[in-house]
Amino acid sequence: MTDKLKHIAIIMDGNGRWASKRGLPRSMGHKKGAETLLEIVRTAADLRIPYMTVYAFSTENWHRSQEEVDYLMGLLRQYLDSDLKEIKERGARIIFIGERNMLADDIVAKLEKIEQETSTNQEFTFCIALSYGSRSEIVAAAKKAALAVAKGELKVEDIDENTFSGLLYTAGIPDPDLVIRTSGEQRISNYLLWQIAYSEFYFTKTLWPDFSAEEFKAIISDFNSRERRYGKV
Ligand code: IPE
Ligand code: IPE
Ligand code: MG
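Remember, predicted model here, so these are calculated numbers, not experimental data.

Parameters and conventions
Residues numbered from 1 in each chain as written. Chains lettered and ligands numbered in written order. Predicted model: local features only at pLDDT ≥ 70, side-chain atom pairs only at ≥ 80, totals over all residues. Heavy atoms only, no water. Near = heavy atom within 4 Å. Polar contact = N/O pair within 3.5 Å; in protein donor to acceptor, adjacent residues only side chain to side chain. Areas by Shrake-Rupley, 256 points an atom, 1.4 Å probe, with all protein chains shown as cover. Nonpolar A, V, L, I, M, F, W, Y, C, P; charged D, E, K, R; others polar. Buried < 20%, exposed > 50% of the residue type's maximum accessible area, 1.4 Å probe, protein only. Helix = DSSP H or I, 4+ residues; strand = E, 2+ residues; numbered from the N terminus. Pairing = 2+ DSSP bridges. Axes fitted to C-alpha atoms, helices over the stretch in contact; angles between N-to-C directions. Parallel < 35°, antiparallel > 145°, perpendicular 65-115°, else oblique. Left-handed = near helix turned anticlockwise from the far one by under 90°. Contact = heavy atoms within 4.5 Å. Phe/Tyr/Trp six-rings, centres within 6.5 Å; stacked < 30°, edge-to-face > 60°.

Draft legend 1. Quick look at the site of ligand 2. Around ligand 2, a shell composed of Ile11, Met12, Asp13, Tyr55, Ala56, Phe57, Asn61, Arg64, Arg181, Arg187 and Ser189 is seen. The contact in question runs from an oxygen atom of ligand 2 to an N or O atom on the side chain of aspartate 13, over 3.2 Å. One of the side-chain nitrogen or oxygen atoms of arginine 181 is found 3.3 Å away from an oxygen atom of ligand 2. Burial of ligand 2 by the protein chains amounts to 78% of its free accessible area of 390 Å². Taken together, the residues that form the shell around ligand 2 break down as 5 nonpolar, 2 polar and 4 charged.

If you want it as structure tokens, here you go:
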């Protein structure tokens, strides 16, 4: 019996290579990639997938050239103002995970506003990992637990997998059932390390700007044919 697909996590990779192959600047790959994202979120909403998390910008991506980082932040501002509007109107609860203190103040203000405006929406949850790094998320959770113990609000013996999950940015969100990475790279790049303990993986060579609703649906049907055993027989 296959589990119901509740949560898809995507590593949207290959924008730069898509552009380079066409003799275009990397920024054009990011621009096309943002259009792909809108198409995939629409498809996920049509398919009634309850949760989708996308890796938009990692903590490591801050080390790219200033020019590329600036372009990506500009694109993000646009995305927050325009594309997300349609997604909001479709009843999505939108949340952001990652290190906000590294983002510009005006972006943080937009994120907070969107989260607040959509907090009671129930159609589906769209989670965007922005300035996100999984190891630092785990360290932050450990610090929260230590602080709560020091203040006498939490007992060491009460720290279990559930309480720890509740201290991560993804508190309350079920673990991803399926992780998709585009562009042929077969690595995790510091994404949701705790949360993917039992996720299924799908790596496609398609570069993110070329990823389509058709391929997305084909991957979901591949997932639906898999047997998940969780250590049992
Ligand atoms: C993914 O595409 C988008 C971000 C990481 C922001 P890349 O920019 O990593 O594209 P490649 O991997 O260099 O082709
Ligand atoms: C992972 O892609 C981060 C995002 C998709 C936002 P990268 O392109 O940054 O990953 P590496 O550096 O190839 O592992
Ligand atoms: Mg990449």
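We are not done yet, so read on.
Draft legend 2. Spatial organisation of the pairing of strand β1 (residues 7-11). Buried residues dominate β1, accounting for 5 of its 5 residues. Here 5 bridges tie β1 to strand β2 (residues 51-58), and the two strands are oriented parallel to one another. When the sheet's bridge partners are listed, isoleucine 11 is paired in β2 with tyrosine 55. Summarising the sheet, β1 and strand β5 (residues 178-181) pair through 4 bridges and their orientation is parallel. By the bridge assignment for β5, isoleucine 10 is matched with isoleucine 180.

Draft legend 3. Representation of the packing of helix α2 (residues 26-46) against helix α3 (residues 66-81) in the model. The N-to-C vectors of α2 and α3 enclose an angle of 30°; their axes lie 10 Å apart at closest approach. Classed by the angle they form, the pair α2 and α3 counts as roughly parallel. In this structure, α2 meets α3 at a crossing whose hand is right-handed. Here Arg26, Ser27, Met28, His30, Lys31, Ala34, Leu37, Leu38 and Val41 of α2 lie close against α3, whose contacting residues are Glu68, Tyr71, Leu72, Leu75 and Tyr79.

Draft legend 4. Looking closely at the packing of aromatic side chains. By the definition in use, this model includes 10 aromatic pairs. Seen in terms of ring centroids, tyrosine 55 and tyrosine 132 are 5.9 Å apart; in terms of plane orientation they differ by 80°. Their pairing is edge-to-face. With tyrosine 55 in strand β2 and tyrosine 132 in strand β4 (residues 124-132), this residue pair connects regions lying 77 residues apart in the sequence. The class for tyrosine 55 is buried, based on a relative accessible area of 7%. For the pair phenylalanine 164 and tryptophan 194, a centre-to-centre distance of 4.9 Å together with 45° between the ring planes defines the contact as tilted. Residue phenylalanine 164 is found in helix α7 (residues 161-165), and its partner tryptophan 194 is found in the loop between β5 and β6 (200-203); the two are separated by 30 residues along the sequence. A relative accessible area of 13% means that phenylalanine 164 is categorised as buried. Taken together, Tyr55, Tyr132, Tyr169 and Tyr191 form an aromatic cluster joined through their ring pairs.

Draft legend 5. Spotlight on unusual backbone geometry. A positive phi angle is found at serine 131, which is not glycine, with a value near 55°. Unlike most non-glycine residues, asparagine 190 shows phi in positive territory, near 65°. Relative to the assigned elements, asparagine 190 resides in the loop between β5 and β6. With relative accessibility at 16%, the residue asparagine 190 sits in the buried group.

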